[in-house]
Amino acid sequence: MGAGKILVLIGGLLTLVSTFFLSFYATGGGDYGSGLGFIYNIADIMTNPGNYVPGETMTVYIVAIVYIVFLISGVLQLVGLASRVIAIIGSIIVLVISILMLLVLLNALAVYAPYLTLFDHTAIVPGILPLDVPLGSASLGTYLLLAGGALGLVGGILGIKDY
């Protein structure tokens, strides 16, 4: 197995684990931002978008669609084991979302903070799912998401061919 294929595999697995098992941030009171939280919120987001960002109904719909694509980007990275273009596309999606999330959590782009509330949900299994390991204003899931996107992108650029 070539180095690129191994990096894409590790990147895809990191992306899936950080999206669905780790939290991106903690809001307090048992609420966490995670991919599972977004899945639980999808029905409410589509029926009541004004509850998340008042006055921005269409923008909330567009952001929700982008987040849905983000949820499948880990799978896209793993599918990228067969096609390097798909690995690169999946990795770019992960990188963009994780960098924007980090910038919002570090208050560099605080104006976009309401759009992160789409990920907020109470813990499914308190203390276990999503697992929250705080590292400053963000949690371990955000940093592993960034690492998974970077590894997948580097692996996709290197190529997935077995030599």
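What you are looking at is a predicted structure, and each value in this text was computed from that prediction instead of being measured.

**Considering the overall build of the protein**
- What the protein contains, in helices and strands, is 7 helices and 5 strands.
- From first element to last, N terminus to C terminus, the protein shows the α and β order α-β-β-α-α-α-α-α-β-β-β-α.
- Against the compact-globule benchmark of 15 Å for 163 residues, the protein has a radius of gyration of 16 Å, which places it among compact chains.
- Across its three principal axes, the protein shows a C-alpha extent of roughly 55 × 35 × 30 Å.
- Here the protein holds 163 residues, and 42% of them are scored as buried.

**Some points on the packing of helix H5 (residues 84-105) against helix H7 (residues 140-158)**
- Contact geometry for H5 and H7: axes closest at 8 Å, N-to-C directions at 150°. Judged on the interaxial angle alone, H7 and H5 are roughly antiparallel. When you trace H5 past H7, the crossing you get is left-handed. Contacts from Arg84, Ala87, Ile88, Ser91, Ile92, Val94, Leu95, Ser98, Ile99, Met101, Leu102 and Leu105 of H5 reach H7 at Thr142, Tyr143, Leu145, Leu146, Gly149, Ala150, Gly152, Leu153, Gly156, Ile157 and Leu158.
- For the contact of H5 with H7, the class distribution of residues is 16 nonpolar, 6 polar and 1 charged.

**Some words on the nonpolar core**
- Of all hydrophobic cores here, the largest spans 29 residues; its most connected members are Phe38, Tyr67, Phe70, Leu116, Leu118 and Phe119.
- Contributions of two or more residues to this core are made by helix H1 (3-20), helix H2 (35-47), helix H3 (57-71), H5 and helix H6 (113-116).
- When residues in this core are grouped by element, the largest group, 7 residues, is from H5.
- In this structure Phe38 touches Ile45, Ala64, Tyr67, Ile68, Leu71, Leu118 and Phe119, once residues within four positions along its chain are discounted.

**Thoughts on the pairing of strand S1 (residues 25-28)**
- Where S1 lies against strand S2 (residues 31-33), 3 bridges are found, and the strand directions are antiparallel. Residue Ala26 lies in a different strand from S2, and its bridge partner there is Tyr32.
- Hairpin connection of S1 to S2: 2 residues between the antiparallel strands, including Gly29 at a positive phi of 70°.

**Here we look at the sheet that holds S1**
- Read from one edge of the open sheet, 3 strands run S1-S2-S3, paired in antiparallel fashion. Looking at strand neighbours, the two that pair on one side only are S1 and strand S3 (120-122), the edges of this open sheet. Shown here is a sheet whose adjacent strand axes are inclined to one another by a mean of 35°, direction ignored.

**Digging into the environment of Ala43**
- Relative to the assigned elements, Ala43 resides in helix H2.
- Residues Ala43 and Lys161 lie 118 residues apart in sequence; the distance between their C-alpha atoms is 41 Å.

**Observations regarding the packing of aromatic side chains**
- Considering all chains together, one arrives at 6 aromatic pairs under this definition.
- Taken together through their ring pairs, the aromatic side chains of Phe24, Phe38, Tyr67, Phe70 and Phe119 make up a single cluster.

**Here we look at the side chain of Ser98**
- Residue placement: Ser98 occurs in helix H5.
- Exposure remark for Ser98: the relative accessible area of 0% places this residue in the buried category.

**Topic: the environment of Thr57**
- For Thr57, the position within the fold is in helix H3.
- On the basis of relative accessible area, Thr57 is assigned to the partly exposed category, the value being 36%.

Quick notes on the rules
Residues numbered from 1 in each chain as written. Predicted model: local features only at pLDDT ≥ 70, side-chain atom pairs only at ≥ 80, totals over all residues. Heavy atoms only, no water. Helix = DSSP H or I, 4+ residues; strand = E, 2+ residues; numbered from the N terminus. Rg over C-alpha atoms; globule rule 2.2 N^0.38 Å. Buried < 20%, exposed > 50% of the residue type's maximum accessible area, 1.4 Å probe, protein only. Axes fitted to C-alpha atoms, helices over the stretch in contact; angles between N-to-C directions. Parallel < 35°, antiparallel > 145°, perpendicular 65-115°, else oblique. Left-handed = near helix turned anticlockwise from the far one by under 90°. Contact = heavy atoms within 4.5 Å. Nonpolar A, V, L, I, M, F, W, Y, C, P; charged D, E, K, R; others polar. Core = buried A, V, L, I, M, F, W, Y, C linked by side-chain atoms within 4.5 Å. Pairing = 2+ DSSP bridges. Phe/Tyr/Trp six-rings, centres within 6.5 Å; stacked < 30°, edge-to-face > 60°.

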